[in-house]
Amino acid sequence: MERPDAADLAQRLARNAEAVCRHYLANGRRQGRYWVVGDVRNAPGRSMFVRLSGPDDGPGAAGHWRDAASGEYGDLLDVIRERQGLAEFKDVVAEARRFLGLSELAMPPITASARQDARHRATEAARRLFAISQPIERTLVAAYLRRRGIAILHGTKSLRFHPRCYYRPDEHSPTETWPAMIAAVTDLSGNLTGVHRTWLDPDGFSEASLGKAPIETPRRALGDLLGHAVRFGVAGEVLAAGEGIETMLSLRCVLPNMPMIAALSAAHLSAILFPDMLRRLYIARDNDQAGASAVASLVTRAQSARIEALVLSPALGDFNEDLRLRGVDAFRAAIRGQIAAQDVARFMELAA
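Residues numbered from 1 in each chain as written. Predicted model: local features only at pLDDT ≥ 70, side-chain atom pairs only at ≥ 80, totals over all residues. Heavy atoms only, no water.

Mapped onto the secondary structure, R197 falls in strand β9 (residues 192-199). Buried charge without a salt bridge: R197, with E176 as the nearest opposite-charge side chain at an N-O distance of 12 Å. At 3.4 Å, the side chain of R197 and the backbone oxygen of A221 are in polar contact. Discounting chain neighbours no more than four positions away, the residues touching R197 are R33, L129, C165, M181, I182, P218, R219, R220, A221 and L222. (Helix = DSSP H or I, 4+ residues; strand = E, 2+ residues; numbered from the N terminus. Buried < 20%, exposed > 50% of the residue type's maximum accessible area, 1.4 Å probe, protein only. Lys, Arg positive; Asp, Glu negative; His and termini not counted. Salt bridge = Lys/Arg side-chain N within 4 Å of Asp/Glu carboxyl O. Polar contact = N/O pair within 3.5 Å; in protein donor to acceptor, adjacent residues only side chain to side chain. Contact = heavy atoms within 4.5 Å.)

Rendered as structure tokens:
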């Protein structure tokens, strides 16, 4: 048997990502599609995220990880190197082979056709879920958003409600059903490529849960996500982008005429695709390290594409906190001072 190269070995580790994490990063825990831990050296905490599923290559590949606090990133071979304190790559390979075992190494690599089939199945499942969901008017979704201070709901056809959306904590647990907000993830042409699910608490709203269901991972995404986003309004020369649906809908309460997109994580925010006509991009940041890293990456990409990039910063943790805790008038005044003068009349008119 030929010795596998580094790429093939990393792929085989990625196919067993959760087992690798449980062995080498035992201080972490699974949260949805990620293994969450303090850092690559297995410290307790929540700043490092390892993807447990995804394609075999690219930024969203299974086995890829990023530490939001330090900015470090890598694959599962890097995890093994750091955890075992190995300096020579041949020793990393030997440890990875030992962990996988010869029977796993003998398995054939995943084919490009198999990868494409998996992506197609996920996208089709996302389309079916969105199709069977209903508009949000007079549903728990509308009530949930209003309890979070989001009173302006025009241009939200990308959001729907499902009263009994399946939720499964992990592969070893029974399936549950909870009401959920279903958000369409679309590409630049408006084609649905995935969905984002936010499971909601049917029993009400509290400051602790902010209306999300009392489950371990009340937010999950499905389908082809990288580069795509949840969209509000039709993009033109000016666009606002940020992390999270509630964040962008909060900003839309004071910039009701501005087209906006919501990425599903800090990593996805940094990778959004730009419309051809875009000339000015407002980036709504969160006040955390992951948000800062995503903004820095996105600013660099925008400038390389000759797009003016302006960063909008919240006073508190994020823009929904600003809206709920500081009030809409203070929030509007703060945003007015951060956008270009020519955009105030154009995009704040309905909120004046």
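Now that the structure has been shown, the text picks up again.
What follows covers the sheet that holds strand β14 (residues 280-284). Spatially, the five strands line up as an open sheet ordered β11-β13-β12-β14-β15, and their pairing is mixed. Unpaired on one side and paired on the other, β11 (230-232) and β15 (308-312) mark the two borders of the sheet. Strand-to-strand, the axes of this sheet are offset by a mean angle of 20 degrees, without reference to chain direction. Summarising the sheet, β14 and β15 pair through five bridges and their orientation is parallel. Paired with Y282 across the strands is L310, a residue of β15. (Pairing = 2+ DSSP bridges. Axes fitted to C-alpha atoms, helices over the stretch in contact; angles between N-to-C directions.)

Attention now goes to the pairing of strand β12 (residues 238-243). Counting buried positions over the six residues of β12 gives five, a clear majority of the element. Two strands pair when backbone bridges link them, and β12 and β14 are joined in this way by five bridges, in the parallel orientation. Bridging across to β14, A241 finds its partner in I283. Where β12 meets strand β13 (residues 260-263), four bridges bridge the pair, whose relative direction is parallel. When the sheet's bridge partners are listed, G242 is paired in β13 with A262. Crossover β12 to β13 through helix α8 (residues 245-252) is right-handed. (Right-handed = clockwise from strand over helix to strand, strands pointing away.)

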